[in-house]
Amino acid sequence: MAISEMHQADELLLFRKSIQSIAKKLIEPEYSNWEENGIIPRDLWKRLGDEGLLCIDIPERYGGSGAPFSYSVTVIDELNRLGYAAIAVNLSVHSNIIAHYILSSGNEEQKNYYLPKMATGELVGAIAMTEPGAGSDLQGIQTIAQFDEDQLTYVINGSKTFVSNGQLCDFVIVVAKTDLKVPASKGTTLFIVDLSTPGISRGKNLQKIGLHACDTSEMFLEDVLVPDNAILGELNRGFITLMKELPRERLTIAIGAQGALEGVLDLTIAYVNERAAFGKPISQFQNTRFRIAEMKTEARVNRSFVNECLYLIERGDLDTETASMAKLTCTEAQGKIVDGCLQLFGGYGYMQEYPISRAFVDARIQRIFGGTSEIMKEIISRGIFGKQE
């Protein structure tokens, strides 16, 4: 390892420790209550902004810290490792997805208005992409934005679902069809819509089997009027913006999964050393030792791969296929390892008071959002064999 790389590793370790300290102060005392209530308090965003944990890799001129992507994703990694997956998802959508859509495709007015306020937590962002009839296949979206020449505005109508941050967000990026004569991939546009705009409304906070504190909503748009300067990126080229940011999004999910599975392994190793059966710690049974050995090996292999992906993305060389591989292998490993760890807890693993039970249900969505495992396999196979007719 070069001296500069060693220096960065030391800095990242110190930053990770600061995240642990902040989480202990701001999150740990109330997290169980937030999980029970199904939402985090709105003022947590401002407090996280004050601590410098939002939009870390956004340039300083737009209110961020200008740090490398590795610092931003370390927040997601560590919060997952500590068992605060719901907060990690909230922050990831806000800082690692929405902020970068605006940074990469927004105009200067949009960047100067939204990004500094996102970095402080004054504004919370969300994206309304999925619809009741369109999930992984966005070609099926039915939300329409039509240009009204009399009012010189776009009129948006449609409904969205599974909007993370949907209850607390101040603005949302809406994916809508703007050219009905062509496939959605060639006629879709992104719009930044403030929640104060007449005609847009939040539905109920959806009840999920996991990630309870991560507010997730339906969203309805009825004759929502937005000016053309609300367009994010270019007209009819929304898919290009979405595709451009997918490697970052999928690598972020992969690293979050990696942090979660490593945290669960640490928790389980401590438990099996303490828990006794038949007069000795269960860590002394061969089955326990072999299962932990297998899971630790898989975790270490996946950590090496995501570290390689981090190196590639910071050089601008991470392609869609490789990011999809990372998302696929890390989220599948998370599901398998969390399940294996819960088994070692025995009946106590099924009790809600034990963090392993929460980790189990929180892990299940990882193989679905950001593109399902099946979609990841399709993307990877296209890179190998080409697209099937």
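Since the model is a prediction, treat every value here as computed from it, not as a measurement.

We now examine the overall build of the chain. Tallying secondary structure elements over the chain gives 11 helices and 10 strands in all. In terms of overall dimensions, the chain is globule-like: its C-alpha atoms have a radius of gyration of 21 Å, near the 21 Å expected for 389 residues. Along the three orthogonal principal directions, the C-alpha set of the chain runs to about 80 × 50 × 45 Å. Counting contacts in the chain only where the partners sit at least 6 residues apart, residues at least 24 apart contribute 74% of the total. Taken as a whole, the chain presents about 18400 Å² of accessible surface, with 52% of it coming from carbon and sulfur. For the chain, the separation between the mean place of its 38 positive charges and that of its 50 negative charges on side chains is 6 Å.

The next point concerns the packing of aromatic side chains. For the coordinates displayed, the defined rule picks out 10 aromatic pairs. Summarising the aromatic geometry, the rings of Phe345 and Tyr354 are spaced 6.3 Å apart at their centres and angled 75 degrees between planes, so their arrangement reads as edge-to-face. We classify Tyr354 as partly exposed; its relative accessible area is 23%. Against the face of Phe285 rests Lys280, its NZ or CZ located 4.7 Å from the ring centre.

Turning to the state of the cysteines, a few remarks are in order. A complete count under the given rule lists 0 disulfides for this structure. Considering cysteine sulfurs only, Cys169 is the nearest to Cys55, which forms no disulfide, with 15 Å between them. The class for Cys55 is buried, based on a relative accessible area of 1%.

Scoring rules and cut-offs
- Residues numbered from 1 in each chain as written.
- Predicted model: local features only at pLDDT ≥ 70, side-chain atom pairs only at ≥ 80, totals over all residues.
- Heavy atoms only, no water.
- Helix = DSSP H or I, 4+ residues; strand = E, 2+ residues; numbered from the N terminus.
- Rg over C-alpha atoms; globule rule 2.2 N^0.38 Å.
- Contact = heavy atoms within 4.5 Å.
- Areas by Shrake-Rupley, 256 points an atom, 1.4 Å probe, with all protein chains shown as cover.
- Lys, Arg positive; Asp, Glu negative; His and termini not counted.
- Charge placed at Lys NZ, Arg CZ, Asp CG, Glu CD.
- Phe/Tyr/Trp six-rings, centres within 6.5 Å; stacked < 30°, edge-to-face > 60°.
- Buried < 20%, exposed > 50% of the residue type's maximum accessible area, 1.4 Å probe, protein only.
- Lys NZ or Arg CZ within 6 Å of the ring centre and 35° of its normal.
- Disulfide = S-S within 2.5 Å.

This is a description of form; function is not addressed.
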